[in-house]
Amino acid sequence: MLIIGIAGGTGCGKTTVVNQIINELPNKEVGVISQDSYYNDLSYLSYEERSQINFDHPRAIDFELLGNHLNELKHGNPIHQPVYSFVNHNRTKDTILTHPRKVMIVEGILIMTNPQIREMFDIKIFVHADSDERLIRRLKRDINERGRDLDEVLERYQKTLKPMHNQFIEPTKEYADIIIPNNKYNTVAVDIVRSIINQKLA
Ligand SMILES: Nc1ncnc2c1ncn2[C@@H]1O[C@H](COP(=O)(O)OP(=O)(O)O)[C@@H](O)[C@H]1O
Ligand SMILES: O=c1ccn([C@@H]2O[C@H](COP(=O)(O)O)[C@@H](O)[C@H]2O)c(=O)[nH]1
């Protein structure tokens, strides 16, 4: 199994790049794991308490479960990937049965901050977009898709997103084998990653 880690700040375009990569690849051969599925289970907190959580700090992620799941997949076993609700700031009761594939892509803002998880990646990719571009995309996405309003996104950006990005996420760029510039759609970089995957599948 080839495991590809794709990191980068919120709004840099990780999900979009992953979708572009897997588009046109046989879906029985390539699987995706999202770090967002592994936010800690916060069911013991009220909605108000959950909304105060710093979701951009590595301790917000259940890396133990993510590591166990990646190991299971490596050993050929299926896993039950949790499903996360951004609207409720919590895991749902649902899971997705995820089967091992020849290539597994793991994407998320913090996946390269954890040494054990980082070591599991055969290829490490960092998607870069400038912070103003990321903020604009985040604003649009969170208002349209994640039930947030302008003030909420901007307050979170100033209080946690920006400092956490600088402290934890941006430094992981140094671990990357490939950095994808993504201020604009980057079809060349996507084609290169897809051809690496195709070599593995051949
Ligand atoms: N290169 C790009 N140019 C313009 N908009 C983009 C680009 N990549 C992604 N987007 C848009 O930005 C938003 C955030 O992208 P997404 O892939 O969800 O980022 P991430 O997963 O890194 O948080 C989405 O609405 C997406 O359509
Ligand atoms: O309950 C939550 C959990 C996370 N977030 C924010 O999501 C982003 C990470 O997702 P991307 O798709 O990579 O942008 C992170 O910056 C958290 O602040 C949230 O808003 N609510």
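Quick notes on the rules
- Residues numbered from 1 in each chain as written.
- Chains lettered and ligands numbered in written order.
- Predicted model: local features only at pLDDT ≥ 70, side-chain atom pairs only at ≥ 80, totals over all residues.
- Near = placed C-beta within 6 Å.
- Nonpolar A, V, L, I, M, F, W, Y, C, P; charged D, E, K, R; others polar.
- Helix = DSSP H or I, 4+ residues; strand = E, 2+ residues; numbered from the N terminus.
- Buried ≥ 20, exposed ≤ 12 C-beta atoms within 10 Å, placed from the backbone.
- Contact = placed C-beta atoms within 7 Å.

Enquirer: Got a minute to help me understand the site of ligand 2 in this structure?
Expert: Taken together, Thr10, Gly11, Lys14, Thr15, Asp36, Tyr39, Phe55, Asp56, Phe86, His89, Ile109 and Leu161 are the residues near ligand 2. Split into classes, the residues belonging to the shell around ligand 2 amount to 5 nonpolar, 4 polar and 3 charged.

Enquirer: Mind showing me how you'd approach the site of ligand 1 here?
Expert: Every one of the 13 residues lining ligand 1 counts as a neighbour, but Gly13, Lys14, Thr15, Thr16 and Arg137 are closest to it. For the shell around ligand 1, the secondary structure elements donating two or more residues are helix 1 (14-22) and helix 5 (131-145). With 3 residues, the top contributor of residues to the shell around ligand 1 is helix 1. Broken down by class, the residue content of the shell around ligand 1 amounts to 2 nonpolar, 7 polar and 4 charged.

Enquirer: How should the environment of His165 be read in this particular structure?
Expert: Counting through the fold element by element, His165 comes out in helix 6 (residues 150-169). Taking the C-beta count within 10 Å as the criterion, His165 has 20 such neighbours and is therefore assigned buried. In the structure, His165 is positioned 157 residues away from Gly8 in sequence and 9.0 Å away in space, judged by C-alpha atoms. Setting aside chain neighbours within four positions, we find His165 in contact with Gly9, Asp56 and Glu170.

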